[in-house]
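Fold and contact review
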Amino acid sequence: MSKATLKFIRLSPTKARLIAREVQGMNAELALASLEFMPNKAAGIIAKVIASAVANGDYEPEEVEIISCRVDKGPVLKRFRPRARGSASRILKPTSHIMVEVGTSATKTEAPKKVEKELKEEAPKKEAPSKTEAPKKAAKAVDLTDLKLLSGVGPAMEKKLHAEGITTINQIADMTTEQIADLDAKIGVKGKIEDLWQTEAKELIENSGKES
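Residues numbered from 1 in each chain as written. Predicted model: local features only at pLDDT ≥ 70, side-chain atom pairs only at ≥ 80, totals over all residues. Heavy atoms only, no water.

1. What about the pattern of salt bridges?
In this structure the tally under the stated criterion is one salt bridge. One salt bridge connects Asp72 with Arg70, and the closest N-O pair in it is separated by 3.2 Å. (Salt bridge = Lys/Arg side-chain N within 4 Å of Asp/Glu carboxyl O.)

2. Looking at helix α5 (residues 155–163)
Of all the positions in α5, only Met157, Glu158 and Leu161 are classed as buried. Down the axis, α5 shows its buried residues gathered within 100 degrees of arc, on one side only. Exposed side chains of α5 directed beyond 90 degrees from the buried face belong to Pro155, Ala156, Lys159 and Ala163. In the segment just after α5, Gly165 is the residue with positive phi, at about 90 degrees. (Buried < 20%, exposed > 50% of the residue type's maximum accessible area, 1.4 Å probe, protein only. Helix = DSSP H or I, 4+ residues; strand = E, 2+ residues; numbered from the N terminus. Arc of directions from axis to C-beta.)

3. Re the pairing of strand β3 (residues 77–82)
For β3 and strand β4 (residues 88–93), the ladder comprises six bridges, and the chain directions are antiparallel. Across the sheet, residue Leu77 finds its bridge partner in β4, namely Lys93. In sequence, β3 turns back onto β4 through a hairpin of five residues, with Arg85 there showing a positive phi of about 60 degrees. (Pairing = 2+ DSSP bridges.)

4. Overview of the sheet that holds strand β5 (residues 96–103)
Across a sheet, paired strands are connected by hydrogen bonds in the backbone, their directions being either parallel or antiparallel. Spatial ordering of the open sheet is given by β1-β5-β2, a layout of three strands whose pairing is antiparallel. Pairing within the sheet leaves two strands with one partner each, and these edge strands are β1 (2–9) and β2 (65–73). The average undirected angle you get between the axes of adjacent strands in this sheet is 10 degrees. Set on the sheet, helix α1 (residues 13–23) makes contact with β2 and β5; between it and β2 the angle comes to about 170 degrees. (Axes fitted to C-alpha atoms, helices over the stretch in contact; angles between N-to-C directions. Contact = heavy atoms within 4.5 Å.)

5. Examining a negative patch on the surface
Together, Glu29, Glu60, Glu62 and Glu63 make up a region of like negative charge exposed at the surface. Of note, Glu60 is situated in the loop between α3 (41–56) and β2. What makes Glu60 partly exposed here is its relative accessible area of 42%. (Patch = residues over 30% accessible without salt bridge, like charges linked within 9 Å, V, L, I, M, F, W, Y side chains within 5 Å. Areas by Shrake-Rupley, 256 points an atom, 1.4 Å probe, with all protein chains shown as cover. Lys, Arg positive; Asp, Glu negative; His and termini not counted. Charge placed at Lys NZ, Arg CZ, Asp CG, Glu CD.)

Remember that the coordinates give geometry; whether it matters functionally is a separate question.
This is the structure we're talking about:
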């Protein structure tokens, strides 16, 4: 991994960042070829910094990627322009600092892994609960008469199902295709019984059997 820096360039940071974002993460050879055909002033300057960063690490452009291309704001030069009636207007001439970092794809992936490893080492280890601690709470029994356990069944839908004689989850699980079609036509559940509720009902019944 190698770096190159160019400071106090007479270039607006805002305009330079437009080009820097384009080459971020690109292969160095491809980035240099792309910048050659860009009409922006920043393109030629950033291309020189990339070439310098590649040369600093004794790399070939096709071997490395642009890991970071950063543009920082430099000092602003203040100038004045003569205006009417002896007055003057201020002109601000911004400068920029350009920093490019290149490296192989292996270098790019090693850095995050190292940071992640250090964080894992620093994190305090959680102590496993001792066997003498209070026993786990008993699993809550499933109420098979509570239709609201099914997805999308609220108080209003539960009333509609009760009006059609469906009061338990077992009834949902045991419904035939004809019964489902008839109920769907009456209360308009849009296929939820066959696609969703019956599967959930069977799982709840199975879990209830295990707990008992």
